[in-house]
There are 2 protein chains.
Amino acid sequence: MPDTPRRAGRLPGTRYGNRPTMKDVAARAGVGLKTVSRVVNGEPGVTPETERRVQEAIDALGFRRNDSARVLRKGRTASIGLVLEDLADPFYGPLSRAVEEVARAHGALLINGSSAEDPDREQELVLALCARRVDGLVVIPAGDDHRYLEPEIKAGVATVFVDRPAGRIDADVVLSDNFGGARDGVAHLIAHGHRRIGFIGDMPRIHTAAERLRGYRAAMEDAGIPVKGSWMSLGVTDPERVRRAAEEMLAGPDPVTAIFTGNNRVTVTVIRVLAEHSHAVALVGFDDIELADLLQPGVTVVAQDAAALGRTAAERLFRQLDGTLLTPERIELPTRLVTRGSGELPPAG
Amino acid sequence: MPDTPRRAGRLPGTRYGNRPTMKDVAARAGVGLKTVSRVVNGEPGVTPETERRVQEAIDALGFRRNDSARVLRKGRTASIGLVLEDLADPFYGPLSRAVEEVARAHGALLINGSSAEDPDREQELVLALCARRVDGLVVIPAGDDHRYLEPEIKAGVATVFVDRPAGRIDADVVLSDNFGGARDGVAHLIAHGHRRIGFIGDMPRIHTAAERLRGYRAAMEDAGIPVKGSWMSLGVTDPERVRRAAEEMLAGPDPVTAIFTGNNRVTVTVIRVLAEHSHAVALVGFDDIELADLLQPGVTVVAQDAAALGRTAAERLFRQLDGTLLTPERIELPTRLVTRGSGELPPAG
DNA sequence: CCCGCATCTGACAACGTTGTCCAGGCTCTA
DNA sequence: TAGAGCCTGGACAACGTTGTCAGATGCGGG
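Every chain is numbered independently, its residues counted from 1 as its sequence is written. All chains are assigned letters beginning at A, and all ligands numbers beginning at 1, according to the order in which they are written. With the structure being a predicted model, the display of local features is reserved for residues of pLDDT at least 70 and the display and counting of side-chain atom pairs for 80 or more, all residues being used for whole-chain, interface and lining totals. The side-chain figures draw on all heavy atoms in the structure; neither hydrogens nor water molecules are used.

Reports of interface size often rely on the accessible area that becomes lost once the parts have come together. Domain annotation for chain A reports domain 1 (1–65), domain 2 (78–176 + 306–333) and domain 3 (178–304). Domain limits in this description derive from either an automatic procedure or a database domain assignment. Between the C-alpha centres of domain 1 of chain A and domain 3 of chain A there is a distance of 61 Å.

Following this line, the structure appears as structure tokens:
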């Protein structure tokens, strides 16, 4: 590409690179400031001839309304914030997109940030968004104390929590039925003859992990199967430790014949372990994973609908802004058991 | 959850739900407006005692600085816009995240939107972002004419295009080496004895698709293999048509012994087709896919580094804002051939 | 011919913040 | 103790837009 010289950076001190303002447009069109405002906003009461002149000046100058000033004046930003754990996680992609679509339908833009599962970073992000006066917030919480949001909510920032409940404040929450999903998944294994079933999940301080563990316990109890401590591994999530945990469960004195995995990352690692294992072990995982049907055997999962979570949350948010929603609620979306083979294997050994 | 009454929506007419301003804080602390500003911004020249009083008032009132007003005054928004095709696509997740991280390192927030591969929607989004006076834009273009951005760029909006070049304007671009990657992938198949190699890719009007097709042709030509029209399928991307295209290539009078797929969606579908096929067909795909190593055989791919694309683009953007970058450039990042089995199968039949 | 009315236009203040600049009080020295 | 100089604090304008309101213009009717 030729080395066409570019503008010499933005000159320090210039604001917005000296963009034309309505005043400039008005001067050029020979009309008043307010008339330009009217044309820009499509307000009535402007002669076609005047409008044409103004439009001409706008095009000639490359004028674009400064929404910062507009926001300052009007009080609404037409933007909402989304704070999630990690934009790169395949679970959050569809969720973000769903929130974005709802926002778009309401003429709002989406500002989003990743908390990286760090409560401080979550708070920092949320408050930065509040400082920009987003109209509302969709938060997938990393922390468990959200009292810092109280003044914001009181000041009118619509807020909906997703995937996990808010901590120590009363707010709208949209969740998957983690308990029921896990219970059904484990019951599915039991129905296929398993009694020694392992559970590998995240730290129970994370709400979803705790609920799924509870579902596992409930299913076992319903079937009258006492759970051994060696069958449960909690709080491991990095691949190396998951691998060890799985191997121990499979090798112990009371080896499991099936494993229930608490989230997609764990599931993937366990699939790798089982692929190397000598005899077939049944597996049901929480969260769907791509290509799960192409593996041998296909992976049976408890799928949750990330897009529906996002959509539901965003819709509630805009209903809060309408004023049609007055009472915080907790909404639980159902999960779906998708059978593909790995969960239907009979007990071996 | 109990039906605790919430504030009755935002009262119409109230701005920001009557949030306290610096003036309120100043009144309560019994100091001047500017002193509050100084405390909020950590500027020097305030006695510890005064600062304490101000801080107290801030906490008591739940004051949070209004960044809209700040932006209006200062001219910089400390936010950048990212326009991509689809936030839910696993390719863009890591890219977004990388852009976000760089933005964060520069104290900026990220506003993003999906164009859904629609040029009009791309333009609408970009202009909405410009109206908010984002400091810069990272754009994965859907359209092929970006002259509408000229006034914006002239006005000082830093702009970097990613994944595909800009149309009809001179701007920074960060791309993967689509041509070289595809050429190497196809050459890899040729090196393993294949001569009848199929290509299934997206519409050549999309830059990446055209480049990959060019790479395919180049590799074949380098090996002195004339390409038959029946080996190429362009512009198909929905699963059903990809399936048919693959089946035709495999069944025709000159059946292919290997297929090169032009993107991850096509690759996934072709994997499904090959899984049902009677004899082994080699496969190399452009773009990596998760769990590709667990399939039988593992899927050989030409991987591009989405995060590196995003990071590089964002870094260039902030260098533009620094003023240290004066000339638009075209940067090409290398791809990487990841061999896992499917690309090393010998020709069958 | 003048008045009233409707229509169109523009002057002005306000939104909440920050930059500039000056005033007042303090300390330190001669 | 007076004066110089420094430090702290505050008054005011400005950023670009929109809401309010009043002025200008034109038209028709009395």
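Having put the structure on the table, let's press on.
A word on the relation of the copies chain A and chain B. A least-squares fit on C-alpha atoms brings the copies together, and the residues used are those whose pLDDT is at least 70 in both copies. Placing chain A over chain B gives an RMSD of 0.2 Å and needs a rotation angle of 180°, together with 0.1 Å of translation along the axis. Here the two chains are linked by the operation of a two-fold rotation axis. Residue Ile 111 of chain A of chain A places its C-alpha closer to the rotation axis than any other residue of that unit, at 2.0 Å. We call two residues contacting when some pair of their heavy atoms lies within 4.5 Å. Same-surface contact between copies: 100% of interface residues of chain A are shared with the interface of chain B.

All names here are of chain A. Running from amino to carboxyl end, helix α8 (residues 178–191) crosses helix α9 (residues 207–222) at an angle of 40°, the nearest separation of the two axes being 7 Å. Classified by the angle their axes make, α8 and α9 are oblique. Crossing hand, α8 versus α9: right-handed. Residue-level inspection shows Asn 178, Phe 179, Ala 182, Arg 183, Val 186, Ala 187 and Ile 190 of α8 in contact with α9, the latter providing Thr 208, Glu 211, Arg 212, Arg 214, Gly 215, Tyr 216, Ala 218, Ala 219, Met 220 and Asp 222. Under the scheme applied here, ten amino acids are nonpolar (Ala, Val, Leu, Ile, Met, Phe, Trp, Tyr, Cys and Pro), four are charged (Asp, Glu, Lys and Arg), and all others, including Gly, are polar. Looking at the contact of α8 with α9 residue by residue, the classes come out as nine nonpolar, three polar and five charged. Each axis is a line fitted through C-alpha atoms, taken for helices only over the stretch in contact, and angles between the N-to-C directions span 0 to 180 degrees. Secondary structure elements follow DSSP: runs of H or I of four or more residues count as helices, runs of E of two or more count as strands, with numbering from the N terminus. For classification purposes, an angle smaller than 35 degrees is called roughly parallel, one larger than 145 roughly antiparallel, one from 65 to 115 roughly perpendicular, and anything else oblique. Each crossing gets its handedness from the near helix: less than a right angle anticlockwise from the far helix is left-handed, clockwise is right-handed.

A word on the environment of Leu 283 of chain A. Residue and element names in this part refer to chain A. With respect to the helices, strands and loops of the structure, Leu 283 is situated in strand β9 (residues 282–286). Any residue under 20% of the maximum accessible area for its type is buried, any over 50% is exposed, and the rest in between are partly exposed; the area is computed with a 1.4 Å probe on protein chains only. Of the residues examined, Leu 283 reaches a relative accessible area of 3% and is grouped as buried. Each C-alpha atom, one on Leu 283 and one on His 194, is 11 Å from the other, the two residues being 89 residues apart in sequence. Leave out the neighbours within four places in its chain, and Leu 283 touches Leu 189, Ile 259, Thr 261, Thr 267, Val 270, Ile 271, Leu 274, Val 299, Thr 300, Ser 342 and Gly 343.

The subject of this paragraph is the nonpolar core. Ile 200 of chain A together with Ile 200 of chain B are the most contacted members of the largest nonpolar core, which totals 90 residues. Setting aside residues no more than four positions away along its own chain, Ile 200 of chain B makes contact with Ser 233, Val 236, Val 242, Ala 245, Ala 246, Met 249, Ile 259, Phe 260, Thr 261, Gly 262, Val 266 and Val 270 of chain B. As used in this record, nonpolar core signifies buried Ala, Val, Leu, Ile, Met, Phe, Trp, Tyr and Cys residues forming a set joined through side-chain atoms within 4.5 Å.

In this section: the pattern of salt bridges. Criterion for a salt bridge: a side-chain nitrogen of Lys or Arg within 4 Å of a carboxyl oxygen of Asp or Glu. If you walk through the whole model with that rule in mind, you get 55 salt bridges over all chains. The salt bridge partner of Arg 52 of chain A is Glu 49 of chain A, with a shortest N-O separation of 3.3 Å. You can see Arg 52 of chain A and its partner Glu 49 of chain A sitting in helix α3 (residues 48–61), three residues apart, about one turn around the helix. Residue classification places Glu 49 of chain A among the partly exposed residues on the basis of a relative accessible area of 39%. Notably, a salt bridge pairs Arg 243 of chain B with Glu 276 of chain B, separated by 3.2 Å at the nearest N-O pair. Placement of Arg 243 of chain B in helix α10 (residues 239–251) and of Glu 276 of chain B in helix α11 (residues 264–276) is noted, with a sequence separation of 33 residues between them. Taking the relative accessible area as the measure of exposure, Glu 276 of chain B reaches 57% and is therefore exposed.

Contacts between the two partners involve 87 residues from chain A, matched on the other side by 87 residues from chain B. When two parts are put together, the accessible area they lose, computed with a 1.4 Å probe and summed over both, is reported as buried area. When chain A packs against chain B, close to 7800 Å² is buried across both sides, 50% of that on carbon and sulfur atoms. Inspection of the region where chain A meets chain B yields 14 salt bridges. For Arg 64 of chain A, the salt bridge is made with Glu 152 of chain B, and the minimal N-O distance between the two is 2.3 Å. For this analysis, a polar contact is any N or O atom pair within 3.5 Å, provided that within protein one partner can donate a hydrogen and the other can accept it, and provided that sequence-adjacent residues contribute only side-chain to side-chain pairs. At the surface where chain A touches chain B, the tally comes to 27 residue pairs in polar contact (both at pLDDT 80 or more). Counting residues per element, the ones that place at least two in the side of chain A that touches chain B are α4 (67–74), α5 (92–105), β2 (109–114), α6 (119–131), α7 (150–154), α11 (264–276) and α12 (306–322) of chain A. When grouped by side-chain class, the residues that make up the side of chain A that touches chain B number 38 nonpolar, 18 polar and 31 charged.

This part takes up the sheet that holds strand β8 (residues 258–261) of chain A. In a beta sheet, neighbouring strands pair by backbone hydrogen bonds and run either parallel or antiparallel. Residue and element names in this part refer to chain A. Note on pairing: DSSP must find at least two bridges between two strands before they are called paired. Spatially, the six strands line up as an open sheet ordered β7-β6-β8-β9-β10-β12, and their pairing is mixed. Every interior strand has two partners, whereas the edge strands, β7 (232–234) and β12 (336–338), have only one. Within the sheet, the average angular offset between the axes of one strand and its neighbour, ignoring direction, is 15°. Summarising the sheet, strand β6 (residues 197–201) and β8 pair through four bridges and their orientation is parallel. Bridge pairing links Ile 197 to Ala 258 in β8. On the sheet, α8 packs against β6, β8, β9, β10 (300–303) and β12 and is oriented at approximately 170° with respect to β9.

Neighbouring residues are identified by heavy atoms, a residue being near a molecule or strand if any of them is within 4 Å of it. Neighbouring DNA strand D are 27 residues, the closest being Met 22, Ser 37 and Arg 73 of chain A together with Gly 32 and Thr 50 of chain B. Measuring from a phosphate oxygen of DNA strand D, one finds a side-chain N or O atom of Lys 74 of chain A at 3.4 Å. Within the side chain of Arg 73 of chain B, one N or O atom sits 3.4 Å away from a base nitrogen of DNA strand D. Elements represented by at least two residues in the surface near DNA strand D include exactly α2 (33–40) and α4 of chain A together with α2 (33–40) and α4 (67–74) of chain B. Broken down by element, the residue count for the surface near DNA strand D peaks at five residues, all from α4 of chain A. Here the residues of the surface near DNA strand D are counted per class, giving eight nonpolar, nine polar and ten charged.

This next bit is on the protein's contact with DNA strand C. Looking at DNA strand C, there are 27 residues lining it, with Gly 32, Thr 35 and Thr 50 of chain A together with Met 22 and Arg 73 of chain B nearest. Protein-adjacent atoms of DNA strand C, using a 4 Å cutoff, are sugar or phosphate at a proportion of 60%. Between DNA strand C and Thr 35 of chain A, the relevant distance is 2.7 Å, taken from a phosphate oxygen to a side-chain nitrogen or oxygen of the residue. A distance of 2.8 Å is found between a phosphate oxygen of DNA strand C and a side-chain nitrogen or oxygen belonging to Ser 37 of chain B. Only α2 and α4 of chain A together with α2 and α4 of chain B provide two or more residues apiece to the surface near DNA strand C. The element best represented in the surface near DNA strand C is α4 of chain B, accounting for five residues. Across the surface near DNA strand C, the residue classes break down as eight nonpolar, nine polar and ten charged.

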